[in-house]
Amino acid sequence: MTPVVLIAEELAPSAIEVLAHDFDVRHVDGTDRPALLAALAEADAVIVRSATQIDAEAIAAASRLKVVARAGVGLDNVEVPAATARGVMVVNAPTSNIVSAAEQALALLLAVARNTASASAALKAGEWKRSKYTGVEIQGKTVGVVGLGRIGVLFAQRIAAFGTRLIAYDPYIQPARAAQLGVRLVGLEELLRESDFISIHLPKTPETVGLIGEKELSIVKPGVRIINAARGGLVDEQALADALAEGRVAGAGVDVYAKEPCTSSPLFAFDNVVATPHLGASTGEAQDKAGLAVAKSVKLALQGEFVPDAVNVQAGGVVAEDVRPLLALAEKLGRAFTAVAGGVAASVTVEVRGEVVAHDVSVLKLAATKGLFSSVVEEQVTYVNAPHIAADRGVEVALTTHTDTVEHPNLVTVRGALPDGRTVSVSGTVATAGGRDVIKLTEVDGFDVEIGAEGILLFLRYVDRPGVVGTVGTILGEAGVNIAAMQVARREAGGETLMTLTVDSAVSADLLTSAADSIGAVAASAADLRDE
């Protein structure tokens, strides 16, 4: 069945084109609640902007839902905890509007410095008053940047071109990084006292709400101009209005408000305040970037790939190109481990060896965890809820890395301790053959193997003796099960042996038991390693 992607709000044509070839793209008016809930019943993914509410009720109505995509940065209209509990990935477009937001802050600063908005309004009203709207130059001034995240950095780079002195307050950035940007890190109080212009670029968190209030505005440099194009509530609007009225603050540029939509604010009474209705992301380019970014994320998610922009995945971030091929390997090793172990382990360690550990490989632990539980729980296991499922079952999953390798450039091992005291391990690597990546198992429970980790694998442990291979082949053949590949590994002649078979179709529990009994196997298991 072709996955259904539901588009609940307007999306750029380029974004729809990304999805149209591989998915059944449907449209619904996200503000029409009954229509939305009905359409979600058949949706594998839904894409929204800001008007559509994807809450717990909406998520409950979508039994097939795998991903919610917000074509923008904020997620106020998506109930992320409810999605996470259901294993539904939530993605947004965190970098789509950063240039537009930085440029909006810059535009506000320029407009405030030169009284552009009020002068324009006066002229259109028939007043020619050049002297009334005398402004100030930016060159040579001290600009304080509150927050050196992605947008703050872009703003700093642009305002530096005006010949300004840059200082910044950000407790989470290293001084060396700030120095690379030509910015001097200072405390918030020092920034307030020294800055001729202050531009705020912080996320809205419990720690940042009200960061600039009455106390802070009482110590600012007289004549300072303050810009907030980040989030409403970071600056106390009433306190800023009081500071403007007293003349301590010479002007302000405001694009965001504590409550939005906002059509009434004490700041609107001042001619030296340039106020805009949250236009930071309101450019055609930003909207197109947002739609295109989430469309690509939805495509990755529905194809079972890792999605860097997933906000509720514990190993978020960009996955290095060298790490990507190991994602499928780690997940398949998790599945194979559970099959060989015969159940859930008490604790598991994901070991990664080789040159790849020079990169961040934490996502491999996540992929392995997903594989560990894919066959033992009824609910859909995803990158989102796999850690929660492990925690609920008291399974601790750890990650270790080693630069050394033995025979393979990169090697991943899933090793776990079972409740009965046994230790089980499964290892594998990714090799290149014929121009494509081939996933192989290299070790199963202490036995050296080399067999493709594709399709359905059967594992039979028994005491080595003649005729065993023929017996198993006959039983499977009589049941109509074709053997695609087989390998026998033993530690010594006549000793314990592991037979690994790749078969073309599923093998019932009864058939597997029959094959095991016929050769006196001490253990038998099946792992479905087919791509999802």
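As recorded in an unreviewed UniProt entry, the chain goes by D-3-phosphoglycerate dehydrogenase and comes from Micromonospora echinofusca. The record held by UniProt for the chain lists under Sequence similarities (unreviewed entry) the comment "Belongs to the D-isomer specific 2-hydroxyacid dehydrogenase family." Among the UniProt annotations of the chain, the heading Function (unreviewed entry) holds the following wording: "Catalyzes the reversible oxidation of 3-phospho-D-glycerate to 3-phosphonooxypyruvate, the first step of the phosphorylated L-serine biosynthesis pathway. Also catalyzes the reversible oxidation of 2-hydroxyglutarate to 2-oxoglutarate."

(A) Representation of the pairing of strand β16 (residues 423-433) in the model. One ladder, built from 6 bridges, connects strand β15 (residues 410-417) with β16; its direction is antiparallel. Bridging across to β16, Val414 finds its partner in Val426. In this sheet, strand β17 (residues 436-444) lies alongside β16 in antiparallel orientation, the contact comprising 8 bridges. Bridge pairing links Ala431 to Val438 in β17.

(B) A look at the sheet that holds strand β18 (residues 447-452). The strand order across the open sheet built from 6 strands is β14-β13-β15-β16-β17-β18, with neighbouring strands paired in mixed fashion. Looking at which strands have only one partner, the edges of the open sheet turn out to be β14 (396-402) and β18. This sheet shows a mean twist of 20° between the axes of neighbouring strands, independent of strand direction.

(C) Focus on the pattern of salt bridges. Under the criterion given, the structure shown has 26 salt bridges. Between Lys66 and Asp44 there is a salt bridge; the shortest N-O distance is 3.1 Å. One end of the pair, Lys66, is in the loop between α3 (56-60) and β4 (67-70); the other, Asp44, is in the loop between α2 (33-40) and β3 (45-48), and 22 residues separate them in sequence. Judged by its relative accessible area of 32%, Lys66 falls in the partly exposed class. A salt bridge links Arg248 to Glu246; the shortest N-O distance between them is 2.7 Å. Members of the salt-bridge network, linked through shared partners, are Asp445, Arg461, Arg491 and Glu496.

Cut-offs used in this document
Residues numbered from 1 in each chain as written. Predicted model: local features only at pLDDT ≥ 70, side-chain atom pairs only at ≥ 80, totals over all residues. Heavy atoms only, no water. UniProt positions renumbered as here; feature names shortened; annotations may be inferred. Pairing = 2+ DSSP bridges. Helix = DSSP H or I, 4+ residues; strand = E, 2+ residues; numbered from the N terminus. Axes fitted to C-alpha atoms, helices over the stretch in contact; angles between N-to-C directions. Salt bridge = Lys/Arg side-chain N within 4 Å of Asp/Glu carboxyl O. Buried < 20%, exposed > 50% of the residue type's maximum accessible area, 1.4 Å probe, protein only.

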